[in-house]
Amino acid sequence: MEENCIFCKIARGEIPSATLYEDEDFRVILDLGPASKGHALVLPKTHAANLFELPDETAQKALVVAKRVAACLKEGLHADGLNLVQNNGAAAGQTVDHFHIHLIPRYQNDTVNVTWQPGELSEAEKEEILKLFQ
Ligand code: 5GP
Ligand code: ZN
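The numbering scheme is per chain: residues are counted from 1 as the chain's sequence reads. In the order they appear in the text, chains get letters beginning with A and ligands get numbers beginning with 1. Only residues with pLDDT of at least 70 get local features here, since the model is predicted, and only at 80 or more are side-chain atom pairs given and counted; chain-wide, interface and lining totals rely on the full set of residues. The side-chain values count all of the structure's non-hydrogen atoms but skip hydrogen atoms and water molecules.

### A short note on the pattern of salt bridges
Any carboxyl oxygen of Asp or Glu that lies within 4 Å of a side-chain nitrogen of Lys or Arg is treated as forming a salt bridge with it. Within the structure shown, the criterion is met by 6 salt bridges. With a shortest N-O distance of 2.7 Å, glutamate 22 and lysine 45 are connected by a salt bridge. Taken as a pair, glutamate 22 in strand 1 (residues 19-22) and lysine 45 in the loop between strand 3 (40-44) and helix 2 (56-76) lie far apart in primary sequence, 23 residues in all. By relative accessible area, which is 44% here, glutamate 22 ends up partly exposed. Put simply, DSSP marks the helices as runs of H or I at least four residues long and the strands as runs of E at least two long, and each gets a number from the N terminus on. Partly exposed residues are those whose accessible area sits between 20% and 50% of the maximum for their type, while under 20% is buried and over 50% is exposed, using a 1.4 Å probe and protein chains only.

Written out as structure tokens, the structure is:
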């Protein structure tokens, strides 16, 4: 538990939230500033600032929880699709430094923007990146 972490307080129930699902390790809540109807957040109850700090076991469990709640949201709200979004670092759009997964139901012709302009993969960049994994 981080002293001043809002998501620690929400995840542990110290601050009330619109909770969709809860178990020993996670709480799934509605986002206060939803991108779309049903936008929810998967919060682990133990603090990790981001994906890189998250224990492997929590990472594994988090995707299972995300999958289950995503399926309920998609079916119950008759969504046409759903994005999982997970931001790490301010440059990636992270504003709350407590790991979370966004579940964003998508509707045909909605105004949610989770897109980018496709670039080009140069030979030099490809080689540079592949080398990291050799
Ligand atoms: P990030 O930008 O860090 O990936 O996502 C943070 C998300 O948390 C945002 O979508 C924002 O609307 C949501 N959020 C921030 N503070 C609160 C809060 O106190 N309660 C809830 N339910 N959502 C919050
Ligand atoms: Zn926290």
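Moving on from the model shown.
### Structural notes on the sheet that holds strand 5 (residues 101-106)
Strand order in the open sheet made by the 5 strands is 1-2-3-5-4, with antiparallel pairing throughout. Every other strand in the sheet has two partners, leaving strand 1 and strand 4 (81-85) as the edge strands with one partner each. Across the sheet, the mean angle separating the axes of adjacent strands is 20° when strand polarity is ignored. Between any two strands, pairing holds if DSSP finds at least two bridges. Of the pairings in the sheet, the one linking strand 2 (residues 26-30) to strand 3 comprises 5 bridges and is antiparallel in character. Along strand 3, the bridge assignment pairs isoleucine 29 with leucine 41. Throughout, an axis means a line fitted to C-alpha atoms (over the contacting stretch in the case of helices), and angles, computed between N-to-C directions, take values from 0 to 180 degrees.

### Some details on the nonpolar core
Counting 15 residues, the largest nonpolar core has Val28, Val42, Val65, Val69, Ile101 and Leu103 as the members making the most contacts within it. Elements that contribute at least two residues to this core include exactly strand 2, strand 3, helix 2 and strand 5. Among the elements that make up this core, the one with the highest residue count is helix 2 (6 residues). Whether two residues touch is decided by their heavy atoms; if any such pair falls within 4.5 Å, the residues are in contact. When neighbours within four sequence positions are excluded, valine 42 is seen to be in contact with Phe26, Arg27, Val28, Ala62, Val65, Ala66, Phe99, His100, Ile101 and Leu103. Cys8, Ile10, Leu43 and Val96 belong to the second-largest nonpolar core, a separate cluster that totals 9 residues. Among the buried residues, those of types Ala, Val, Leu, Ile, Met, Phe, Trp, Tyr and Cys that are joined through side-chain atoms within 4.5 Å form a nonpolar core.

### Digging into the site of ligand 1
The nearness test applies per residue and asks whether one of its heavy atoms lies within 4 Å of the molecule or strand. Among the 16 residues in the neighbourhood of ligand 1, the closest are listed as Asp31, Asn87, Gly93, Thr95 and His102. Any pair of N or O atoms that falls within 3.5 Å is considered a polar contact. Within protein, one atom must be able to donate a hydrogen and the other to accept it, and sequence-neighbouring residues count only if both atoms are side-chain atoms. One of the backbone N or O atoms of glycine 93 is found 2.8 Å from an oxygen atom in ligand 1. For ligand 1, whose free accessible area comes to 520 Å², the fraction covered by protein is 79%. Of all the cavities here, the one that holds ligand 1 is the largest pocket. Residue-level accessible areas treat just the shown protein chains as cover; the underlying method is Shrake-Rupley with a 1.4 Å probe. Throughout, the protein atoms alone are placed on a 1 Å grid, and a set of points is a cavity if a 1.4 Å probe fits but cannot get out or a pocket if it is open with protein on both sides within 12 Å along at least five of seven lines; lining residues have an atom within 4 Å of a point. Think of it this way: if more than half of a molecule's atoms are within 2 Å of a pocket's grid points, that molecule is in the pocket or cavity.

### Remarks on the pairing of strand 5
Of all 6 residues in strand 5, 5 are buried, a share of seventy percent or more. Here 5 bridges tie strand 4 to strand 5, and the two strands are oriented antiparallel to one another. Residue leucine 84 lies in a different strand from strand 5, and its bridge partner there is leucine 103.

### Overview of the environment of glutamate 22
C-alpha separation for the pair glutamate 22 and proline 44, spaced 22 residues apart in sequence, amounts to 9.9 Å. Aside from chain neighbours lying at most four places away, what touches glutamate 22 is Arg27 and Lys45. Here the side chain of glutamate 22 touches arginine 27 through a polar contact of 3.3 Å, side chain to side chain. A polar side-chain atom of glutamate 22 sits 2.7 Å from a polar atom in the side chain of lysine 45.

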